[in-house]
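Each chain is listed here by its residues.
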Amino acid sequence: MKNSDKPNDIKTPNSTKDTIVKPVNGAATSLREVFIDSLKDIYWAENALVNALPKMVGNATSPALASAIKEHHAVTQNQVARLEKVFELLGENAEGKKCEAMAGLLKEGDSILEETEPGAVRDAGIIAASQKIEHYEIATYGTLVAFAKTLGENDSAKLLTQTLAEEKEANCLLSDVALNAVNIVAAE
Ligand SMILES: [Fe+2]
Ligand SMILES: [Fe+2]
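Residues numbered from 1 in each chain as written. Chains lettered and ligands numbered in written order. Predicted model: local features only at pLDDT ≥ 70, side-chain atom pairs only at ≥ 80, totals over all residues. Heavy atoms only, no water.

1. Here we look at the overall build of the chain
Part 1 of the reasoning: Across its full length, the chain holds five helices and zero strands.
Part 2 of the reasoning: For the chain, the C-alpha atoms occupy an extent of roughly 55 × 50 × 25 Å along the three principal directions.
Part 3 of the reasoning: Within the chain, the proportion of its 188 residues that are buried is 37%.
Part 4 of the reasoning: Pairs at least 24 apart in sequence give 80% of the contacts found in the chain among residues at least 6 apart.
Part 5 of the reasoning: Entry remark: accessible area of the chain is about 11,100 Å², with carbon and sulfur atoms responsible for 54%.
Part 6 of the reasoning: Here the chain contributes 19 positively and 28 negatively charged side chains, and the mean placements of these two sets differ by 6 Å. (Helix = DSSP H or I, 4+ residues; strand = E, 2+ residues; numbered from the N terminus. Buried < 20%, exposed > 50% of the residue type's maximum accessible area, 1.4 Å probe, protein only. Contact = heavy atoms within 4.5 Å. Areas by Shrake-Rupley, 256 points an atom, 1.4 Å probe, with all protein chains shown as cover. Lys, Arg positive; Asp, Glu negative; His and termini not counted. Charge placed at Lys NZ, Arg CZ, Asp CG, Glu CD.)

Here it is, written out as structure tokens:
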């Protein structure tokens, strides 16, 4: 890539010395702390999704898409409760910490709504945004399961594995809706 082709907000460091980040006060020193921090992050993200999914349902035209997201909304509420159980198992307070990644994905989802006409085209946009969200969740829960197992937190690992399976299922369902209906109509 020529330098002139790069987006101008991406800066290339001058040397590797510039890339070493100074940790903040209270930075994690153990895997357990990283695990708890990641749980707080996804707890915030799942709660944000509980608030955001009804808007996606309201903007969907395809009944199959609307019902897939509606169902995942109920599943997501249960995932919040499951995370609370994990916090309890670990003897930690259930508290959220703003997940910048999910905040960004939801912001992008809002822009997609604004930038598409309602109907099949907006539906295709909703599926695209939702699948990015599901993939983020799949990555997060995959890591959380691995952390829990490494730390010997097997009951937590079991609960997190259930959520991981639900996120994968939601993603597959979105692919089905896209392939079977929405993208075909959107391309017409
Ligand atoms: Fe979720
Ligand atoms: Fe999800």
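2. Quick notes on the coordination of the iron ion (ligand 2)
Part 1 of the reasoning: Coordination of the iron ion (ligand 2) by the protein involves His 72 (NE2), Glu 134 (OE), Glu 134 (OE), Glu 137 (OE) and Glu 167 (OE), with metal-donor separations of 2.0 to 2.7 Å.
Part 2 of the reasoning: Going along the chain, you hit the donors of the iron ion (ligand 2) in the pattern H-x61-E-x2-E-x29-E.
Part 3 of the reasoning: Separating the iron ion (ligand 2) and the iron ion (ligand 1) is a distance of 3.3 Å, and Glu 137 donates to both of them. Within this pair, whereas Glu 134 is found in helix α4 (residues 120-150), its partner Glu 167 is found in helix α5 (residues 154-187), the two being separated by 33 residues in sequence. The burial state of Glu 134 is the same as that of Glu 167; both residues are buried. (Donors = N, O, S within 2.8 Å, 3.2 Å for Na, K, Ca; no water.)

3. Let's talk about the packing of helix α1 (residues 31-59) against α4
Part 1 of the reasoning: Closest axis-to-axis distance for the α1/α4 pair is 10 Å, and the angle between their directions is 160°. Compared by their axis directions, α1 and α4 come out roughly antiparallel. In this structure, α1 meets α4 at a crossing whose hand is left-handed.
Part 2 of the reasoning: Looking at the contact of α1 with α4 residue by residue, the classes come out as 15 nonpolar, four polar and five charged. (Axes fitted to C-alpha atoms, helices over the stretch in contact; angles between N-to-C directions. Parallel < 35°, antiparallel > 145°, perpendicular 65-115°, else oblique. Left-handed = near helix turned anticlockwise from the far one by under 90°. Nonpolar A, V, L, I, M, F, W, Y, C, P; charged D, E, K, R; others polar.)

4. Re the coordination of the iron ion (ligand 1)
Part 1 of the reasoning: Looking at the iron ion (ligand 1), the protein donor atoms are Glu 46 (OE), Glu 46 (OE), Gln 79 (OE1), Glu 137 (OE) and Glu 167 (OE), and they sit 2.1 to 2.3 Å from it.
Part 2 of the reasoning: Mapped onto the sequence, the donors of the iron ion (ligand 1) take the spacing E-x32-Q-x57-E-x29-E.

5. Quick look at the nonpolar core
Part 1 of the reasoning: Core analysis: the largest hydrophobic core is formed by 45 residues, its most contacted members being Phe 35, Leu 39, Leu 65, Met 102 and Leu 160.
Part 2 of the reasoning: The greatest single-element share of this core, amounting to 12 residues, is contributed by α1.
Part 3 of the reasoning: When residues no more than four places from it in sequence are discounted, the contact partners of Leu 39 are Leu 83, Val 86, Phe 87, Leu 90, Leu 144 and Leu 160. (Core = buried A, V, L, I, M, F, W, Y, C linked by side-chain atoms within 4.5 Å.)

6. Notes on the packing of helix α2 (residues 63-89) against α5
Part 1 of the reasoning: With their axes 10 Å apart at the nearest point, α2 and α5 run at an angle of 170° to one another. The angle between α2 and α5 falls in the class roughly antiparallel. Seen from α2, the contacting residues are Ala 64, Leu 65, Ala 68, Glu 71, His 72, Val 75, Gln 79, Arg 82, Leu 83, Lys 85, Val 86 and Leu 89; seen from α5, they are Asp 155, Ser 156, Leu 159, Leu 160, Gln 162, Thr 163, Glu 166, Glu 167, Ala 170, Leu 173, Leu 174 and Val 177.
Part 2 of the reasoning: Tallied by class, the residues present in the contact of α2 with α5 amount to 13 nonpolar, five polar and six charged.

7. Re the packing of aromatic side chains
Part 1 of the reasoning: Applying the stated criterion to the full structure yields one aromatic pair.
Part 2 of the reasoning: Summarising the aromatic geometry, the rings of Tyr 43 and Phe 87 are spaced 5.5 Å apart at their centres and angled 75° between planes, so their arrangement reads as edge-to-face. Within this pair, whereas Tyr 43 is found in helix α1, its partner Phe 87 is found in helix α2, the two being separated by 44 residues in sequence.
Part 3 of the reasoning: Residue class for Tyr 43 comes out buried when judged on its relative accessible area of 11%.
Part 4 of the reasoning: Exposure remark for Phe 87: the relative accessible area of 1% places this residue in the buried category. (Phe/Tyr/Trp six-rings, centres within 6.5 Å; stacked < 30°, edge-to-face > 60°.)

8. A look at the layout of surface pockets
Part 1 of the reasoning: Empty space within the largest pocket amounts to approximately 250 Å³.
Part 2 of the reasoning: Lining the largest pocket we find 16 residues, and of these Ala 68, Glu 71, His 72, Ala 170 and Leu 173 sit closest to its centre. (1 Å grid on protein atoms, 1.4 Å probe; cavity = no way out; pocket = protein on both sides within 12 Å on 5 of 7 lines; lining within 4 Å. Points joined across faces, edges and corners; volume = space filled by probe spheres on them.)

9. Remarks on α1
Part 1 of the reasoning: With 29 residues, α1 ought to run about 42 Å at 1.5 Å a step, and its terminal C-alpha atoms sit 41 Å apart, in line with that.
Part 2 of the reasoning: Of all the bends in α1, the greatest, near 35°, is centred on Asn 51, and the proline Pro 54 appears no more than four residues after it. (Expected span 1.5 Å × (residues − 1). Bend = angle between axes of the 7 residues up to and from the residue.)

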